[in-house]
Amino acid sequence: MSTLLLNKIDDVKSNIKNWKKDNLTIGLVPTMGALHRGHASLIKRAKEMCNKVIVSVFVNPIQFGPNEDYDKYPRTMEADKKICEELGVDIVFAPAPSEMYGQGGKLSNNELTFVCPPYNLTDCLCGKSRIGHFDGVATVVMKLFNITTPDFAFFGQKDAQQLFILKRMVKDLNINLTIIPCPIVREDDGLALSSRNSYLSKEERTWALSISKSLKEIEKLYKQGITDCSILFDTALSILDKNLEIEYIEFRNFDTFEEVKTAANNTLAAMAVKAGKTRLIDNIILV
Ligand code: AMP
């Protein structure tokens, strides 16, 4: 079967109706497109676990702040479709913003029902600078869940805070599906794959290599028994290239999302930095 490219919610729903009649399991991989090997790893996992796989490609306007890169976010639909075909995806769902949110730009929470994750999960890490970002993410993912009714939904550890928040949403709102976390895919030199890496100049990319280096060093020290997060923080700071603008380096318990001063197994060490105008995030879970 070839990959169907669908833009309309009703067309997706009618395909799913037929799959459900045949008791087929459905996997959903939500993306914003500009697909790379990171996305491909999620799709491959979905193919292993599910009878049918839907990849959504949607640059979601309500998760971008007014000064963020919504307009210039890379859009590479042709290449994305090809990758999905090669991976045996059943449906690529690529709606226009008007299909998701109606005509007339009803994009604010004055006019649109939003899903708002708990404040203690959104007032830290990326949520601190990206006000309303996770409300936008939770809202679009909830809509995608309702449209596609998946048994499994696949999310990358790369966006660790997003993953944590969405797992909580599924639990708090009794959504009948399982979230499958997938490991971070990196370039050979350690840089975590991201659609935004295409913004980086050669020089900025060199600076960005210090991000994964600093996380590796945190991991190394932790394995040697150093658990004081202020030492781990200072070590990361000393390794990060001086040209990077550091937004945060935080340590959180990945079971509770509480900030920790002493690292332990399942501590998330996460950071966001800017290389020039490009915002990059990366993290590691200590074990
Ligand atoms: P995005 O298109 O950036 O919204 O990402 C869509 C999904 O792919 C999210 O669940 C991301 O966490 C995941 N993802 C993005 N980059 C990577 C990566 N390098 N490794 C694994 N998963 C990733």
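Not measured: the values here are computed from a predicted model.

Quick look at helix H2 (residues 37-49) now. Counted at 1.5 Å a residue, the expected span for H2 with its 13 residues is 18 Å, and the 18 Å between its end C-alpha atoms agrees. Those residues of H2 that sit buried are Gly38, His39, Ala40, Leu42, Ile43 and Ala46. Residues of H2 that are buried in the fold lie against strand E2 (26-31), strand E3 (52-57), helix H3 (77-86), strand E5 (152-156) and strand E6 (178-182).

On to the sheet that holds strand E7 (residues 245-253), then. Taken in spatial order, the three strands make up an open sheet running E7-E8-E9, and their pairing is antiparallel. Two strands bound the open sheet, and with one partner strand each, they are E7 and strand E9 (278-285). Neighbouring strand axes in the sheet, compared pairwise and without regard to direction, differ in orientation by 15° on average.

All chains considered together, the criterion is met by 17 salt bridges. Among the salt bridges present, the one from Lys220 reaches Glu217, with a minimum N-O distance of 3.8 Å. Within this pair, Lys220 and its partner Glu217 are both found in helix H9 (residues 202-223), separated by three residues, close to a single helical turn. The partly exposed category is assigned to Lys220, whose relative accessible area is 45%. Residues Glu247 and Arg279 are paired through a salt bridge, measuring 2.8 Å at the closest nitrogen-oxygen approach.

Next up on the list: the domain arrangement of the chain. Each assigned domain of the chain is listed here: domain 1 (4-182) and domain 2 (195-281). Listed by partner, the interface residues are 22 residues for domain 1 and 16 residues for domain 2. Of the roughly 1700 Å² buried between domain 1 and domain 2 on both sides combined, carbon and sulfur atoms contribute 59%. A per-residue breakdown of the area domain 1 buries against domain 2 is headed by Leu125, Cys126 and Phe164, which together make up 35% of the total.

Glancing now at the layout of surface pockets. Considering only enclosed or pocket space, the second largest pocket measures out at about 170 Å³ in volume. In terms of residue class, the lining of the second largest pocket is made up of eleven nonpolar, two polar and two charged.

Under the counting rule described, the total for this entry stands at seven aromatic pairs. With 6.0 Å between their ring centres and 75° between their planes, Phe64 and Tyr73 make a pair best called edge-to-face. The residues Phe64 and Tyr73 share a single accessibility class, namely buried. These aromatic residues form a ring-pair network of at least three members: Phe64, Tyr70 and Tyr73. Lying over the aromatic face of Tyr70, Arg75 brings its terminal NZ or CZ to 4.9 Å of the ring centre.

Conventions used here
- Residues numbered from 1 in each chain as written.
- Predicted model: local features only at pLDDT ≥ 70, side-chain atom pairs only at ≥ 80, totals over all residues.
- Heavy atoms only, no water.
- Helix = DSSP H or I, 4+ residues; strand = E, 2+ residues; numbered from the N terminus.
- Expected span 1.5 Å × (residues − 1).
- Buried < 20%, exposed > 50% of the residue type's maximum accessible area, 1.4 Å probe, protein only.
- Contact = heavy atoms within 4.5 Å.
- Pairing = 2+ DSSP bridges.
- Axes fitted to C-alpha atoms, helices over the stretch in contact; angles between N-to-C directions.
- Salt bridge = Lys/Arg side-chain N within 4 Å of Asp/Glu carboxyl O.
- Domains from an automatic or database assignment.
- Buried area = accessible area lost by both parts, 1.4 Å probe.
- 1 Å grid on protein atoms, 1.4 Å probe; cavity = no way out; pocket = protein on both sides within 12 Å on 5 of 7 lines; lining within 4 Å.
- Points joined across faces, edges and corners; volume = space filled by probe spheres on them.
- Nonpolar A, V, L, I, M, F, W, Y, C, P; charged D, E, K, R; others polar.
- Phe/Tyr/Trp six-rings, centres within 6.5 Å; stacked < 30°, edge-to-face > 60°.
- Lys NZ or Arg CZ within 6 Å of the ring centre and 35° of its normal.

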